[in-house]
Amino acid sequence: MKEIESVRESGGYLNRYTHGEMTFSVYLPPAAKDRQVAALYWLSGLTCNDDNARSKGGFQRFAAKHGIAIVFPDTSPRGDDVADEAERYDLGQAAGFYVNATQDPWKPHYQMFDYVTRELPALIESNLPLIAGVKSVSGHSMGGHGALICALKCAGEYRSVSAFAPIANPVNCGWGEGCFGAYLGDDRSDWDVYDATRLVQGGARVSDILIDQGDADEFLHQGQLLPDNLQSACDAAEQPCTIRMQSGYDHSYHFIASFIEDHFEYHARFLNA
């Protein structure tokens, strides 16, 4: 783990690191100077890397206010020897979908679920002033899908979960079908363990779910996000879930920046309890 950048921001430090071929960023709030702090993992969406959210979302001032670190992983493995589909934005590098791939040529490197939930937390908790095991998770679009499945599959390991415009039922949308077929194979029953709606239907539970969705989101209207499917599954299972439809908002970071303060308030109730 090597620090390659450090920027003073909102009283704390926005740092960037490499380990192996991976790059990630961590914002350490002012409180981290004197004590260990809890962490919010932010999982980004298609075409993104660790830099998008940290430069566009306006997160850091709220993290500073609540004394919470933010961890910004990359969205996929990188490198010349890593499989890719260069002509596609929704498969390959920058489109890891936070799954553990089982199919070649993806399997050797595309183990993003284990990276986000196991490898990266172990690395940073042993090198930075973070409270071991005290973490929450959020994300956007593909990363919102990732946040939901991380929390649902790792029962009790995340204090809270939220998402912005998540791909909520990927086994039933074009993005998910394309990537799951490539990464996980043709047996659709193997896809269900990486689908938030199917996980809830199968009995997975978390304490609460908060989701914001813009009603002017083009991908909502294209049928890629399917929040109603997740809401129906949660209602049937009596899984607490609040999906807030935000009038006039699209899929961009303008939308995220407009409501991220609410999400920090939400996560702080769990992380700082």
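Everything that follows concerns the structure shown earlier in this document.
Counting restarts for each chain: residues are numbered from 1 in the order of the written sequence. Since the coordinates come from a predicted model, pLDDT governs what is reported: local features require at least 70, and pairs of side-chain atoms require 80 or more to be given and counted, while whole-chain, interface and lining totals use all residues. The side-chain quantities take in all heavy atoms of the structure and omit both hydrogens and water.

**Q** Please clarify how the side chain of Ser 162 should be interpreted in this entry.
**A** Note on conventions: DSSP H or I runs of at least 4 residues are helices, E runs of at least 2 residues are strands, and numbering of each starts at the N terminus. The topology assignment puts Ser 162 in strand β7 (residues 162–164). A distance of 2.8 Å separates the side chain of Ser 162 from the side chain of His 263, its partner in a polar contact. With sequence-adjacent residues up to four places away left out, Ser 162 is seen in contact with Val 137, Ser 138, Gly 139, Ala 147, Leu 210, His 263, Tyr 266 and His 267. In protein, a polar contact requires one atom able to donate a hydrogen and another able to accept it; more generally it is a pair of N or O atoms within 3.5 Å, and residues adjacent in sequence count only if both atoms are side-chain atoms. What makes two residues a contact is simply this: any of their non-hydrogen atoms within 4.5 Å.

**Q** What exactly am I supposed to notice about the environment of Ala 182 here?
**A** Checked against the element boundaries, Ala 182 lands in helix α5 (residues 174–184). Considered as a pair, Ala 182 and Leu 91 are 91 residues apart in the sequence and their alpha carbons are 8.3 Å apart. With near-sequence residues (within four places) excluded, Ala 182 lies in contact with Leu 91, Gln 103 and Trp 106.

**Q** What is the right way to look at the sheet that holds strand β6 (residues 130–139) in this model?
**A** Strand pairing in a sheet takes place through backbone hydrogen bonds and is either antiparallel or parallel in direction. Two strands are said to pair when DSSP picks up at least two bridges between them. Ordered in space as β1-β2-β3-β5-β4-β6, the six strands form an open sheet in which the pairing is mixed. The open sheet has two free edges, formed respectively by β1 (2–9) and β6, since each of these has just one partner strand. Neighbour to neighbour, the strand axes of the sheet diverge by 20 degrees on average, direction disregarded. Summarising the sheet, strand β2 (residues 12–19) and strand β3 (residues 22–28) pair through seven bridges and their orientation is antiparallel. Paired with Tyr 17 across the strands is Phe 24, a residue of β3. Axes here mean lines fitted to C-alpha atoms, for a helix over just the part in contact, with angles spanning 0 to 180 degrees between N-to-C directions. Set on the sheet, helix α4 (residues 142–153) makes contact with β4 (37–43) and β6; between it and β6 the angle comes to about 135 degrees.

Everything listed is a geometric property; what it means functionally is a separate question.
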